[in-house]
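Analysis of the macromolecular model
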Amino acid sequence: MSQPHSRSHSVPAHQGRGWAPLQESTLRAASQEWASSSGKNAGTGWASGPGAGTVFVPERTRVSAGSRRALCLWLPTFELRLELMRSPELDSTSVALLSAGEHTRRTIWQVSERAHEHGVRPGQFVSQAVSLCPSLTLLEPDPAHYDAAVDAMLEILAEISPVLEPAGRGRVFLGTDGLDRLFGSPARQARLALRALFRIFPRPLVASTRAGMAPGKFGAWVAAAAARSGEPRIISEQELPAFLGSCPVSALPVDALVVQRLERLGVRTLDGLRRFPEPSLVAQFGEDGRNALAWATGRRIDPVRPWHRPKPIRVTMDFPNPVGLLATLHSGLDRLIERALSRPSRRGRSVTSARMGAQLEGGGSWFVEAVLKDPTSQRERIASPLRMKMEIAPPPRAVETLILEFTQFGAPSTQTGLFDRKDESGRSTAGRDMQQGEVPSTLRDAIKELKLRLGHSPLYRVVEIDPWSRIPERRHALLSFDP
Amino acid sequence: MTGHSRTPAPRLRPLGQPRSVAVRTHEHGDPTHVRLPGKPARGVEAIRERWRIDDEWWRQPISREYWVVVLDDGRHVTLYHDLLDDLWYAQRG
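Quick caveat, the model's predicted, so the values are computed rather than measured.

Two modes of strand pairing occur in sheets, parallel and antiparallel, and in both the strands are linked by backbone hydrogen bonds. All names here are of chain A. Taking strand neighbours across the sheet as the criterion, the 4 strands line up as β9-β12-β10-β11 in an open arrangement whose pairing is antiparallel. Edge strands, defined here as strands with exactly one partner in the open sheet, are β9 (313–323) and β11 (365–376). If you compare each strand with its neighbour and ignore which way they point, the axes differ by 15° on average. Sheet analysis places β9 next to strand β12 (residues 399–412), joined by 7 bridges and oriented antiparallel.

Rendered as structure tokens:
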């Protein structure tokens, strides 16, 4: 690749004010990713289904909750670009990012332009990709690194607008209602948002960012996809219907099969879609058909809604030596769940979603996420789905640090949890068999006193790390005991 | 945004860390005398077991020759000779 990678997805120079598709596959993938993210998390993704936070607003009316005017910032193939920023020596080579390893046969997730020229495409199996491009460099995904970049981006953009709604990793919507007096014209607001990114990302990455502003999220997203890198595209209320008319149907955040069928029927643009009466689209495609028409005509305006994510409870465990044994990781997970449950910041709330991750030996990270069937504060019920996910998609390399996050919380649990025991006197506890993990109140009091005197708990417990290791110092370890 | 705990992650402290010891050896390399830290030197009465570990050549190679010896005061001690740095260590097995 003779050009810098950051330009690999730039829109051709002939692109004028009309719609010019960037890379059809990139746009399609981004729309589908967005559409699918809505199902998992209606609060943060694209509001695609009924009751998913979308409102139909007549033109020029104000939205009481959220911002009608939206600015979309989009960094196509965000994760791959971050990797190339981290390893600039790969910029001129064929690079592909692997998808998270949920299957025994790994697939390609994102590809560089050079790899694309060799015929490597997202979704291909690794064997296929390597046979097409023998010099292909495959990179393991590092979700922790990408999430940290997203967090930094949201933090910076929150200085411009408090109404922020991320949709996937490389795409974020800013509500810009009421910002004119603060920052001036919409174009100036968009440029300001792009400039803010220079504070956290290197110049080539920001230069490849697309920005679009329009009424509603769909309009803003399509404007961003049609914009040149680094040059915001601003669509006014009056321009919106005409602008949307020239957009390809692949921009619609609906099911991929709906788009395929529309294209087979010869419907390529949203203008073509508008010619169909709503009943026939609903008869063919159901709710997706109705939504597609509403977006195509500009009738449907999705406001940007302020995004709220409860502060997660995060606990980590460093291993003295990298660990590859699943049994050891399971044991570490149990310890982490106990510690996370005992955190005062949980305030008795039950857990509905947990995320387990790891920093891997030699760099990189790995994550699995589990949404619990029922809110719970019981260790085993939290550990079980995470263990299952770990069995299906184990860490690709040995683990240096194990991470657990409780990301979503439910109502305070009425169940008695491991660390929610009623205080009992030491005597009454001593009179019966202790449950595993139970701590008598006398011991708890003694630890509290020692902590007051010494500033830390001087007690430790022995935990198994790798009991069958041939190297004795790796079998057991001490973990500070602070119930 | 990801919330980070203010308290540092408790690091696991491995048990059974090797301690450096002074060892006198026979011409064939078998230990004959051992001086544990802070103790007088003791003769080796018997060698109960002996094995070798060569591991992790792909990362940070480990090459050790282990002995379980009985000292002349009756104590059983696990020793190893680190073949990479040519030093002797005692370790709880």
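Back to the text.
Turning next to the interface of chain B and chain A. It is common to give the size of an interface as the accessible area lost on bringing the parts into contact. The partner chain A presents 26 residues to the 21 residues of chain B that form the contact. Contributions of two or more residues to the side of chain B that touches chain A are made by β1 (13–14) and β5 (42–55) of chain B. Across the side of chain B that touches chain A, the residue classes tally to 9 nonpolar, 8 polar and 4 charged. Pairing of strand β14 (residues 476–480) of chain A with β1(B) involves 2 bridges; the strand directions are antiparallel. Looking at β1(B), one finds that L478(A) is bridged to R13(B).

Residues and elements named next belong to chain A. At a minimum axis distance of 10 Å, the contact between helix α15 (residues 326–341) and helix α16 (residues 379–392) shows a crossing angle of 145°. Crossing hand, α15 versus α16: right-handed. Contacts between α15 and α16 involve L326, L329, H330, L333, D334, I337, E338 and L341 on the former and, on the latter, R379, I382, A383, L386, R387 and M390. Class assignment of the residues belonging to the contact of α15 with α16 gives a composition of 9 nonpolar, 1 polar and 4 charged.

A separate point is the packing of helix α13 (residues 278–285) of chain A against helix α14 (residues 287–297) of chain A. All names here are of chain A. Two elements in contact, α13 and α14, have axes whose closest approach is 6 Å; the angle formed by their N-to-C orientations is 140°. As summarised for this structure, α13 and α14 are arranged oblique, according to the angle between their axes. Only D288, G289, R290, A292 and L293 of α14 make contact with α13, whose side of the interface consists of E278, L281, V282, Q284 and F285. Within the contact of α13 with α14, the residues separate by chemical class into 5 nonpolar, 2 polar and 3 charged.

Conventions used here
- Residues numbered from 1 in each chain as written.
- Chains lettered and ligands numbered in written order.
- Predicted model: local features only at pLDDT ≥ 70, side-chain atom pairs only at ≥ 80, totals over all residues.
- Pairing = 2+ DSSP bridges.
- Helix = DSSP H or I, 4+ residues; strand = E, 2+ residues; numbered from the N terminus.
- Axes fitted to C-alpha atoms, helices over the stretch in contact; angles between N-to-C directions.
- Contact = placed C-beta atoms within 7 Å.
- Nonpolar A, V, L, I, M, F, W, Y, C, P; charged D, E, K, R; others polar.
- Left-handed = near helix turned anticlockwise from the far one by under 90°.
- Parallel < 35°, antiparallel > 145°, perpendicular 65-115°, else oblique.

Everything listed here is a matter of geometry and, on its own, says nothing about what the molecule does.
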